[in-house]
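Read off the chains here:
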Amino acid sequence: MNIRTSLKYIVVFLLITACTDPELEADEVRLLSGQWTLENVSGGLLGTNAEVETGVANWNINLFNNTLSVTTDLAHEDPNRALLYFDEGVYGFELEEIDGPFLYTYTFTVDGRNEGTLAIRQGKLEFDSGLAVDKLLYRFRR
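Residues numbered from 1 in each chain as written. Predicted model: local features only at pLDDT ≥ 70, side-chain atom pairs only at ≥ 80, totals over all residues. Heavy atoms only, no water.

Asker: Would you mind going over the pairing of strand E1 (residues 34-43) with me for this structure?
Answerer: Along a regular strand, successive side chains alternate from one face of the sheet to the other. Among the 10 residues that make up E1, 7 are buried, leaving the element largely enclosed by the rest of the structure. Two strands pair when backbone bridges link them, and E1 and strand E3 (residues 57-62) are joined in this way by 4 bridges, in the antiparallel orientation. Among the inter-strand pairings, Gly34 is bridged to a residue of E3, identified as Ile61. As defined by bridge partners, E1 adjoins strand E9 (residues 136-141) across 6 bridges and the pair is classed as antiparallel. Pairing of Leu38 across the sheet is with Phe140, part of E9. (Buried < 20%, exposed > 50% of the residue type's maximum accessible area, 1.4 Å probe, protein only. Helix = DSSP H or I, 4+ residues; strand = E, 2+ residues; numbered from the N terminus. Pairing = 2+ DSSP bridges.)

Asker: What's the story with the pattern of salt bridges in this structure? I'm lost.
Answerer: Think of it this way: side chains of opposite charge can pair up when their charged atoms draw near. Tallying each qualifying case throughout the model produces 7 salt bridges. Arg141 is the partner of Glu39 in a salt bridge, and the nearest nitrogen-oxygen pair spans 3.3 Å. On the criterion of sequence distance, the pair formed by Glu39 in strand E1 and Arg141 in strand E9 is long-range, its members being 102 residues apart. According to the relative accessible area criterion, Glu39 is buried, its value standing at 15%. Residue Arg141 is classed as partly exposed on the basis of its relative accessible area of 28%. In this structure, Glu126 engages Arg139 in a salt bridge whose closest nitrogen and oxygen atoms are separated by 3.1 Å. Taken as a pair, Glu126 in strand E8 (residues 124-128) and Arg139 in strand E9 lie far apart in primary sequence, 13 residues in all. The structure contains a network of salt bridges with shared partners spanning Glu39, Lys124 and Arg141. (Salt bridge = Lys/Arg side-chain N within 4 Å of Asp/Glu carboxyl O.)

Asker: I tried to follow the confidence of the model for the chain on my own but got confused; where do I start?
Answerer: A low pLDDT means the predicted coordinates there should not be read in detail. On average, the chain scores 82 in pLDDT, and the residues at 70 or more come to 81%. Between residues 11-24, whose pLDDT stays under 50, and residues either more than four places distant or in other chains, the model counts 2 contacts. (pLDDT = per-residue confidence, 0-100. Contact = heavy atoms within 4.5 Å.)

Asker: Could you clarify how one ought to interpret the packing of aromatic side chains in this entry?
Answerer: For any two aromatic rings, the description comes down to two numbers: the centre-to-centre distance and the angle of the planes. Considering all chains together, one arrives at 13 aromatic pairs under this definition. Between the aromatic rings of Phe93 and Phe108, the centroid separation amounts to 5.8 Å while the plane-to-plane angle is 50°, which identifies the pairing as tilted. Taken as a pair, Phe93 in strand E5 (residues 89-97) and Phe108 in strand E6 (residues 105-110) lie far apart in primary sequence, 15 residues in all. Using a relative accessible area of 5% as the deciding quantity, one classes Phe93 as buried. Through successive ring pairs, a cluster of aromatic residues spans Trp59, Tyr85, Phe86, Tyr91, Phe93, Phe108, Phe127, Tyr138 and Phe140. (Phe/Tyr/Trp six-rings, centres within 6.5 Å; stacked < 30°, edge-to-face > 60°.)

Asker: Help me understand the nonpolar core in this model?
Answerer: It is characteristic of soluble globular proteins that their nonpolar side chains tend to be buried jointly. With 29 residues, the main nonpolar core has Trp59, Leu68, Phe86, Phe108 and Leu125 as its most contacted residues. Listing elements by their share of this core, those giving two or more residues are E1, E3, strand E4 (67-72), E5, E6, strand E7 (113-121), E8 and E9. With residues up to four places along the chain from it excluded, the contact list for Trp59 reads Gly34, Gln35, Trp36, Leu68, Ser69, Val70, Phe86, Phe108, Leu118, Leu125, Phe127 and Phe140. (Core = buried A, V, L, I, M, F, W, Y, C linked by side-chain atoms within 4.5 Å.)

Here it is as structure tokens:
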């Protein structure tokens, strides 16, 4: 085998195995960052399964400064407002990747308190609030 062919194999091998953490972080930023609209709340002891009108409740996740901005069009007296996990406002958060059933699964800590897990599943954001609040699952879409 000549040197040129050997160099080609080495270059191809390096390109295939050169998946670095910054590349993975770029994928995470691309997948998680941005505007998400709540579409469904399900689970709990009462068997909640509530579809949420498009645009009524939104999360804007910013991974560059680790902030979650929550907005809603629901009036304070609207009974559906009880479905929202966070009140309107801006929250600081931390994500810690954990082993889970999906490639991107994280422990979601907001303002220093573990609030549950976040995961990307089939292009949707899922927030599992865990046992602390009756194990409700919040699904968001772009």
